[in-house]
Amino acid sequence: MSTATLDKQEPKDATGSAAVELITATFRIRRFNPEVSAEASWEDFQVEIDPKERVLDALHKIKWELDGTLTFRRSCAHGICGSDAMRINGRNRLACKTLIKDISPEKPITVEAIKGMTVLKDLVVDMEPFFQAYRDVMPFLITSGNEPTRERLQTAEDRERFDDTTKCILCAACTSSCPVFWNDGQYFGPAAIVNAHRFIFDSRDEGGEQRLEILNDKDGVWRCRTTFNCTDACPRGIEVTKAIQEVKRALITRRF
Ligand code: SF4
Ligand code: F3S
Ligand code: FES
């Protein structure tokens, strides 16, 4: 049964601006509040909204107009901060980059927390283990010798080698879509490897060997089974699996 209805609004001003077509969409949200129940449960909300708006806009409407207890993270609302990754219709996405019209709003839209991490409340998960794996790969430039008096130069070709992995916004969409990570949460996960890649292949960095040894661990790169879920999930379009393969190859050849 269709749960979305069309409702054409008249233009709001005399300038003849185009009418906005509102729909009533059902958002089926996985709720969890440990102070109320040990079990999570689904709750439906009917939201009247322009389908050209984003899932984040609908969540704001629900929180501000229907149920102020709905809990989720967001900050920039423009795909930069990485704080609003969630499972929307069973797929990891950023709520602020997902247009309602693109996710079949004629059917209930499911929204739940990303998988493999402890849910604290509603759509908010404990990100600390994720950030610990990120810190473990030392995501900063490691150099020796004296401080240079000018910027450290590199060629355009050298910069190109790690350009893709500089785009990471640490949203965890990749790591929380990886079946190996779901298994036990011990795997470093694709996001940490992406951020190691960003420095391993930087010609100005001298910590590549250390990072490779860290990822040569039983919970490191070798646990990747090349399932590509991470690449499909990345909202920045990073070729995550390719980056992981490059790190594996660097471990074998020790050339990077
Ligand atoms: Fe998010 Fe992509 Fe970075 Fe993974 S690699 S944390 S999906 S931006
Ligand atoms: Fe997981 Fe991505 Fe590898 S989904 S198994 S890290 S290719
Ligand atoms: Fe910042 Fe979506 S709110 S990426």
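Residues numbered from 1 in each chain as written. Chains lettered and ligands numbered in written order. Predicted model: local features only at pLDDT ≥ 70, side-chain atom pairs only at ≥ 80, totals over all residues. Heavy atoms only, no water.

An unreviewed UniProt entry lists the chain under the name Succinate dehydrogenase iron-sulfur subunit, with Streptomyces lycii given as the organism. Under the heading Pathway (unreviewed entry), UniProt records this for the chain: "Carbohydrate metabolism; tricarboxylic acid cycle." In its Sequence similarities (unreviewed entry) section, UniProt records this for the chain: "Belongs to the succinate dehydrogenase/fumarate reductase iron-sulfur protein family." (UniProt positions renumbered as here; feature names shortened; annotations may be inferred.)

Moving on, we get to the environment of F131. As for its position among the elements, F131 is in helix α2 (residues 128-136). What makes F131 partly exposed here is its relative accessible area of 27%. When the C-alpha atoms of F131 and A191 are compared, they prove to be 9.4 Å apart, with 60 residues separating the residues in sequence. (Helix = DSSP H or I, 4+ residues; strand = E, 2+ residues; numbered from the N terminus. Buried < 20%, exposed > 50% of the residue type's maximum accessible area, 1.4 Å probe, protein only.)

Here we take up the nonpolar core. By size, the foremost hydrophobic cluster in this structure holds 66 residues, and its most contacted members are F27, I29 and L59. Take this core: its biggest share by element is six residues, from helix α5 (residues 190-200). In this structure, L59 is in contact with I29, L70, F72, M86, A95 and L123, ignoring residues within four places of it in sequence. (Core = buried A, V, L, I, M, F, W, Y, C linked by side-chain atoms within 4.5 Å. Contact = heavy atoms within 4.5 Å.)

To continue, consider unusual backbone geometry. Phi at A77 takes a positive value of approximately 65 degrees, unusual for a residue other than glycine. Within the secondary structure layout, A77 lies in the loop between α1 (55-66) and β4 (85-88). Its identity as a non-glycine residue notwithstanding, T226 has a phi of 55 degrees, on the positive side. Along the chain, T226 falls in the loop between α6 (208-215) and α7 (229-233).

Our focus in this paragraph is the packing of α5 against helix α8 (residues 240-253). Two numbers describe how α5 lies on α8: the axes approach to 9 Å, and their chain directions differ by 60 degrees. By the criterion of interaxial angle, the relationship of α5 to α8 is oblique. Crossing geometry of α5 relative to α8 is assigned as left-handed. Along the contact surface, α5 presents P190, I193, V194, H197 and I200, while α8 presents V240, A243, I244, E246 and V247. Among the residues making up the contact of α5 with α8, the classes are represented as eight nonpolar, one polar and one charged. (Axes fitted to C-alpha atoms, helices over the stretch in contact; angles between N-to-C directions. Parallel < 35°, antiparallel > 145°, perpendicular 65-115°, else oblique. Left-handed = near helix turned anticlockwise from the far one by under 90°. Nonpolar A, V, L, I, M, F, W, Y, C, P; charged D, E, K, R; others polar.)

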